[in-house]
Amino acid sequence: SGEDLLEQYAGYDVGQMVKILKGNFQGEDGTVRRLKDGQLCVRMFTYGQTFDEWFMPDAVRPLTDLEVMRGLSGPTGPVTQDEFDVSIGKKDPRELEKVTNEKSLRSGLMQSSGIAPGRNRREDRVARGETGSRDRWGRTSEEIQ
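Let me begin by describing the structure that accompanies this report. All of these numbers come straight from a predicted model, not from anything done at the bench. (Residues numbered from 1 in each chain as written. Predicted model: local features only at pLDDT ≥ 70, side-chain atom pairs only at ≥ 80, totals over all residues. Heavy atoms only, no water.)

## Re the environment of Gln39
Along the chain, Gln39 turns up in strand E3 (residues 39-46). Relative accessible area serves as the criterion here: at 27%, Gln39 is assigned to the partly exposed category. Separated by 18 residues in sequence, Gln39 and Pro57 have C-alpha atoms that sit 6.1 Å apart. Here Gln39 is in contact with Tyr9, Arg34, Trp54, Phe55, Met56 and Pro57, once residues within four sequence places are set aside. (Helix = DSSP H or I, 4+ residues; strand = E, 2+ residues; numbered from the N terminus. Buried < 20%, exposed > 50% of the residue type's maximum accessible area, 1.4 Å probe, protein only. Contact = heavy atoms within 4.5 Å.)

Take a look at the structure:
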């Protein structure tokens, strides 16, 4: 009967976020897309790709509101591969500190020679008083010759 069909999907709605409990995708989060033939079609967002997979209702569980909010918070800025590797325990955090120190040393050297590591748009150069008639070290074309 119709009630039996609906009962097998009790607790699940289209658009609801779920966690995969069994199979190759265990531990992944996804969104319920369809309910059909006793299964749930779940859309997962993994490794920069989106794909759908069918699961039995006992292979998934609804995410709590707290889990959903944690999942939506994410990083506030871009994450480098090294930072990601440290976050999953693949790399030692001290390696990341070493790379960061090298970068700050390099940017300090670049700034001391007059090469700013940030943006270098025309409006920024004009704001700094650079008119384009001087080279990187402030020499005019007459001074160079």
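## A look at the sheet that holds strand E4 (residues 49-55)
One open sheet accounts for five strands, arranged E4-E3-E2-E1-E5; its pairing is antiparallel. On the outer flanks of this sheet lie E4 and strand E5 (60-62), each paired with one strand and no other. Averaged over all adjacent pairs, the angle separating strand axes in this sheet is 40°, with direction ignored. Bridge count for strand E1 (residues 17-20) against strand E2 (residues 29-36) is three bridges, and the pairing is antiparallel. Directly across from Met17, in E2, lies its bridge partner Thr31. (Pairing = 2+ DSSP bridges. Axes fitted to C-alpha atoms, helices over the stretch in contact; angles between N-to-C directions.)

## Concerning the pairing of E2
Across six bridges, the pairing between E2 and E3 is antiparallel. Paired with Arg34 across the two strands is Cys41, which belongs to E3. Hairpin connection of E2 to E3: two residues between the antiparallel strands, including Asp37 at a positive phi of 55°.

## Structural notes on unusual backbone geometry
In terms of backbone geometry, most residues other than glycine have negative phi values and most peptide bonds are trans. Phi at Asp37 takes a positive value of approximately 55°, unusual for a residue other than glycine. With respect to the helices and strands, the residue Asp37 is situated in the loop between E2 and E3. Relative accessible area serves as the criterion here: at 70%, Asp37 is assigned to the exposed category.

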